[in-house]
Structure formats: C-alpha cells, structure tokens
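Tertiary structure, described
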Amino acid sequence: MKAAGSFVLLDVLNISATLICMILKLPQIALLATVKCTKGVSIRALLLELTGYIVFATYQKHHGSPIATYLEYPILVVQDSILLLLILHYDGNLRLSPIYSLVFVVGWQLLTLQGWIIDLALSLCTVLSGSSKFAQLWSLWASGEAGQISALTWGMATYTCIARIFTTILTTGDLQVVLRFCVLTALNGWVFLTVLYYRWRGKKLA
C-alpha cells in the first residue's frame, strides 16, 4: 500500500512538473513580445540557465535515468532559445544568434565525447545554474524594479524544482542531482519573492 502510494505521488509529480515546464517560459515570452522591451531581463542569466539545462539533460540521458525525470529539459531548452532570440532582437543584436547557436551545439557535442566530461560538467552545472539566478537577482537589485520579469514564470520554476527533489529521491536517488535541485529551489524562490516585492513596492509608490 505504501509502495503504491509512492508510485502515485511519483506519477503526479512527474506529470505536473512536465506539464508546468511545457508552459514555464510562456508568460515571460508573451510579456517580452507584448512590451518589446527587455528591461530587467538578464541575458547573462539566460545563457547560464540554458547551459545548465543542456548539461543536465545530457547527464540524465547518459546515465540512463527514466525519461520522465528530465523530459521537461529539452522543452525548456527550446523555450529559452526563443527567449534568447527575442532578447537579441529587441536589443538589436539578432546578428549574434548564429554565433550563440554554434557555441551551444559545439559545447553539447563535447559533452558527449567521454563519460567523465559529462560527470564533471554536472558538478559545474549546479554552479552555472546557481550563477544564472544570482545574475538575475543582481539585475533586479541594480534596477530597483521588477521590469519585464514574469513572477509567474519564477513561481512555476520554484515548484518544478521542489517536485524534482522528490522524483529524484524516489527514482535514482542521485544525491548530486538532489543537491542541485535543492540549491535551485532556494534561488528560484529568492528571485520569485524579489520580483513580488518590487511589484508590491511599485504599486505602493504609484
């Protein structure tokens, strides 16, 4: 009975995390496309985040993890790529997109050359992903306002990381992956609360 309950919980968490990630970046994409302004959105944070997604998905596939535990990451890579193109377009730097594409494709190919490379990359991936959140926080602190940051996107990102802590414990038990999601849960939540604070302060001052 207990085992059955664990399987039900696992299915619920896997499905909810995947479904949320299918639309995770859509609020941010829609916001940028509407206002045609990238104020408050850190391209450095986005590039670090995109790198982290690619590394993590490659690591999970390399180690034969159940696809349900990382299915959302290829979807997030596509959404982040669209976000990157929008930022480059509205900042007048769209000509740089082929260079970014080449760097990411070559980097992904290098990850698959040897098993030790992807294992080392995952260790660095947590640092990269954490750095992406700090880069976004720094951008928020520097501007003193939420700008065009979507609180909904960051709120959903916090939930999916929490869900992945439990799905990892219930499936592979990979402590390195669990640690990664614990760190990202804390940092995503920090960005989420910071955006909410600036939105609240902006309304209060208006």
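A brief look at the structure comes next. (Residues numbered from 1 in each chain as written. Predicted model: local features only at pLDDT ≥ 70, side-chain atom pairs only at ≥ 80, totals over all residues. Heavy atoms only, no water.)

Topic: a nonpolar patch on the surface
Note the threshold: By definition, no residue in a patch forms a salt bridge, and every one has over 30% relative accessible area; like charges are joined within 9 Å, nonpolar side chains (Val, Leu, Ile, Met, Phe, Trp, Tyr) within 5 Å. Here the open area of atoms and residues is found with the Shrake-Rupley method and a 1.4 Å probe, where only the protein chains shown may cover a residue. Salt bridges are counted wherever a side-chain nitrogen of Lys or Arg sits within 4 Å of a carboxyl oxygen of Asp or Glu. In DSSP terms, a helix is any run of H or I states spanning at least four residues, a strand is any run of E spanning at least two, and both are numbered starting from the N terminus.
On the surface, a nonpolar cluster with roughly 460 Å² of combined accessible area is contributed by I15, L19, M22, I23 and L26. Here the nonpolar patch takes four residues from helix 1 (residues 2-23), the largest share from any one element.

Structural notes on the packing of aromatic side chains
Heads up, the condition is: Working definition: rings of Phe, Tyr and Trp (its six-membered ring) pair if their centres are within 6.5 Å, and the pair is stacked with planes under 30 degrees apart, edge-to-face with planes over 60 apart, and tilted otherwise. Categorising residues by exposure relies on relative accessible area from a 1.4 Å probe, with only protein chains included: less than 20% of the type maximum marks a residue as buried, more than 50% marks it as exposed, and the intermediate range marks it as partly exposed.
According to the stated counting rule, one finds seven aromatic pairs in the structure shown. Centre to centre, the rings of Y53 and Y73 are 5.4 Å apart; their planes meet at 70°, and the pair counts as edge-to-face. Note that Y53 is positioned in helix 3 (residues 43-62) and Y73 in helix 4 (residues 72-90), a separation of 20 residues in sequence. Each member of the pair Y53 and Y73 is classed as buried. For the pair F56 and Y73, a centre-to-centre distance of 4.8 Å together with 55° between the ring planes defines the contact as tilted. In this pair, F56 sits in helix 3 while Y73 sits in helix 4, placing the two residues 17 residues apart along the sequence.

Things to note about the nonpolar core
The condition that has to hold: By convention a nonpolar core is built from buried Ala, Val, Leu, Ile, Met, Phe, Trp, Tyr and Cys residues, the set being connected through side-chain atoms within 4.5 Å. By definition in these notes, contact holds between two residues if any of their heavy atoms fall within 4.5 Å.
F56, Y73, F181 and V195 are the most contacted members of the largest nonpolar core, which totals 45 residues. It is helix 3 that contributes the most residues to this core, nine residues altogether. Discounting residues that sit within four places of it in the chain, F56 has contacts with Y70, Y73, L122, C125, V177, R180 and F181.

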